[in-house]
Every structure is written in structure tokens, then in C-alpha cells.
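Below are the chains, spelled out letter by letter.
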Amino acid sequence: MQQDWQQQINSAQELKTLDELRVQLLGKNGLITQQLKTLGSLNQEDRKTKGAEINALKDLLTSAIEEKKSLLEQQALELRLVNEKIDITLPARPEMVGKTHPISKVISDITKYFSQNGFQVFDGPHIDTQEHNFDALNIPPHHPARQSHDTFYIEDSDEVLRTHTSTVQIRTLRNHKPPIRFLAPGRTFRSDYDATHTPMFHQMEGVVIEENINFAHLKGTIIDFCRWFFEDPNLKLRFRPSFFPFTEPSAEVDIGWSNDKWLEVLGCGMIHPTVLANCDIDSTKYQGFAFGMGMERFAMLKYGINDIRAFYDGDTRWLDMYGFGSIS
Ligand code: DAH
């Protein structure tokens, strides 16, 4: 009989069944109570043995029920844990999240890089005088460089939409004396429109003027910068002799790209003594170098964007793909 009960306890699948069994066996009118009631009719000797037997059975059943109970409770808990698990892989409800435009990203990354090397940032207006945009930069009237800039002139005005950020060289150097290092990022304008040119684009100008600055400083600065920017410590670079009226000597810098292709990324040179003189800087005391680069070109190369016009289409699907979120 004892084995029967034990079997029933063991095979109980639910806490409810187990509790019914408990009532049946150990309850007020249960089996054990009933058996205890029969003791009264026995003689003292038998009562003693029988009583001990019944109590032993009671203990046995009680612990069997307890054991089974905690097992069933454990199983129930495990089941709940499985069923109530939160699926954290579910996508969040869609929200309108803005992204940083690749041009802003490139400008801010480059600015951070140079600011670690003591460069300040200066700004200038988009509409500027021809004196700032050309004359003071040693580009005289009728010089072919003026024509090659596809300038937007303003009717009945001496002003132009600045064709390069080099205007900020003049503006800054007339107000801040060397030694000085600075950057001038910003919008520039030329009448041009195709897959690699838009009438508005962005340049970043860099200037260093100190005593004893020479071409080696320029080279080292540009090489380190390009290798950092393109995340390639072995990036090949080529300084190709070139001409800019505001630098002497001048160079254009190409980077080695896939399949032995060279791609021009910036113009640079030692600042022309005439430009220094135009800003009241003694070129026998101070020398300097400058560089100017197109931000679109840098962004296109780094992020694999092949049509410059996409930067300005304002297509949010494009920005979702090429923009930068707070995590990226
Ligand atoms: N201003 C030049 C351009 O728009 C780029 C440039 C070349 C800037 C050489 C410089 C420089 O500061 O030194 O084509």
C-alpha cells in the first residue's frame, strides 16, 4: 500500500494533483488520521507498534510529497522563464533618426585631427571681395588662373562667390600674426556641374606659418594626414610639381589607389612671399606652407560614393545609407 501511494506521488504531473493527494493522505480526514483513529481500539502493546508504523508512514509520505512539490515548482518556474523570455532581437519601433552627412563627418574628423596638432579653425564669408579671392593671393587681373576658376561674379559689385577657401588665408593673416596654424573649412562656389563637380562644394584650407618652416614640414604633415585619413599606414603618395600663384614651390598631391592608379587629392606649397607681404608678414622671418583640399573628393574616396551630386539631392534614403548615426 505504501508503495502504491509513493507511486502516485511520484507520477503526479501537476501541483494541483499533488495537493489533492496530500489532502487524501495527510488531511484532517485523510488516510493517516483515519488510521490513527483506529489506535484507540488496540491494546497498549499493539498501539505502540502500530502507532510507530503509522507515524513512520506519515513522515515518509510527507517528505515524498515535499520533495515532489519542490520538483514540480522548479519545473513550473523553468517553464515560465522560457515562456516569458523577452526577445531582445525584436527591432525597435521605427523612429525618425537623423544622420550626420558625410561631408559634415569628414570636416569634423579632419578638424579634430589637426586640432590635436595645434591648429585653430577660422571662417570667412561666402561672398567676398575679389581682392581677398584673387589679388591678395597673387592672382592679378587677367591672370589665366582667374578664368580657370569659373567664378560666379555678382552684378554691379566687386564681390564674387568665393571660389576657394584661400580667401580665409588673407582674412586671418591680416588679423592674427604668426606663429600660427589654422584650418578654414567651408563652402566654395564655381560654375560647374557634372558627376564630379557641383556649383557649391566644400574645401578645407590648412596654413602653418612659423620660423624655419620648410618643404619637409609640409611633406611630413600631408603624408601623415593622408595616411591617417585613409586608414592606411602604407598609403603611397606622390608630390607632383604644379603651379599656384599663392605658393612657391607648389605641388599637387596624388594618392596611390587601386590598380596603380594615382588620384589627385589636394594642392599645396610654400606660401609665396608676396602673399605674406600682402598680409604684412616679414617673409625673411617667417615661412609657411598651405594646402587646400576638396571635402567631397575625400568623402567620395573614403566612403565609396561615386556621384558628387548625390551629396546634395537631399534624399533621406541615401543619407540613411551613407550618413553617420551616433553609434557609427
Ligand atoms: N585654392 C586652391 C584651389 O582651389 C587649392 C590650394 C592649392 C590651396 C594650394 C592652397 C594651396 O592653400 O597652397 O584650387
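Relevant structure appears above.
About the criteria used
Residues numbered from 1 in each chain as written. Predicted model: local features only at pLDDT ≥ 70, side-chain atom pairs only at ≥ 80, totals over all residues. Heavy atoms only, no water. Near = heavy atom within 4 Å. Polar contact = N/O pair within 3.5 Å; in protein donor to acceptor, adjacent residues only side chain to side chain. Areas by Shrake-Rupley, 256 points an atom, 1.4 Å probe, with all protein chains shown as cover. Helix = DSSP H or I, 4+ residues; strand = E, 2+ residues; numbered from the N terminus. Nonpolar A, V, L, I, M, F, W, Y, C, P; charged D, E, K, R; others polar. Phe/Tyr/Trp six-rings, centres within 6.5 Å; stacked < 30°, edge-to-face > 60°. Buried < 20%, exposed > 50% of the residue type's maximum accessible area, 1.4 Å probe, protein only. Lys NZ or Arg CZ within 6 Å of the ring centre and 35° of its normal. Expected span 1.5 Å × (residues − 1). Arc of directions from axis to C-beta. Contact = heavy atoms within 4.5 Å.

Visitor: Explain the site of the ligand to me, please; I cannot follow it from the model alone.
Guide: Around the ligand there are 15 residues in total, and His 164, Ser 166, Arg 190, Gln 203 and Glu 205 lie nearest to it. The side chain of His 164 places a nitrogen or oxygen atom 3.0 Å from a nitrogen atom of the ligand. Relative to its unbound accessible area of 350 Å², the ligand is 91% covered by the protein chains. Those elements that provide at least two residues to the shell around the ligand are strand 5 (200–210), strand 8 (261–271) and strand 9 (287–294). Residues belonging to the shell around the ligand are distributed by class as follows: 5 nonpolar, 8 polar and 2 charged.

Visitor: Hey, could you run me through the packing of aromatic side chains in this one?
Guide: Any pair of aromatic rings gets described here by the distance separating the centres and the angle formed by the planes. Overall, the coordinates contain 22 aromatic pairs when judged by the stated rule. Each ring, one from Tyr 113 and one from Phe 114, has its centre 5.0 Å from the other, and the planes form 90°; the classification is edge-to-face. For Tyr 113, a relative accessible area of 15% gives the class buried. The interplanar angle of 40° and the centroid separation of 5.1 Å between the aromatic rings of Phe 114 and Phe 225 together place this pair among those described as tilted. Taken together, the positions of Phe 114 in helix 5 (residues 102–115) and Phe 225 in helix 9 (residues 215–229) put the pair 111 residues apart, joining distant regions of the chain. On the basis of relative accessibility, which here comes to 1%, the residue Phe 114 falls in the buried class. In this structure Phe 225 comes out as buried when scored by relative accessible area, which is 0%. Each residue in the set Tyr 113, Phe 114, Phe 119, Phe 225, Trp 228, Phe 229, Phe 230, Trp 257, Phe 289, Phe 291 and Phe 298 is aromatic and connected to the rest through ring pairs, giving one cluster. If you follow Lys 105 out to its NZ or CZ, it ends over the ring of Phe 324, 5.1 Å from the centre. A cation over a ring is seen here: Lys 302 above Trp 228, with NZ or CZ 6.0 Å from the ring centre.

Visitor: What am I meant to see in helix 2 (residues 15–26) here?
Guide: Helical geometry note: an α-helix holds 3.6 residues per turn, so side chains three or four residues apart project in the same direction. When the terminal C-alpha atoms of helix 2 are compared, their 16 Å separation across 12 residues agrees well with the 16 Å that a helix rising 1.5 Å per residue should span. Of the positions making up helix 2, those classed as buried are Leu 18, Leu 21 and Leu 25. Take helix 2 and look down its axis: the buried residues cluster within an arc of 60°, on one side only. Looking at the buried side of helix 2, the elements it contacts are helix 1 (2–11), helix 3 (31–38) and helix 4 (44–83).

Everything listed is a geometric property; what it means functionally is a separate question.
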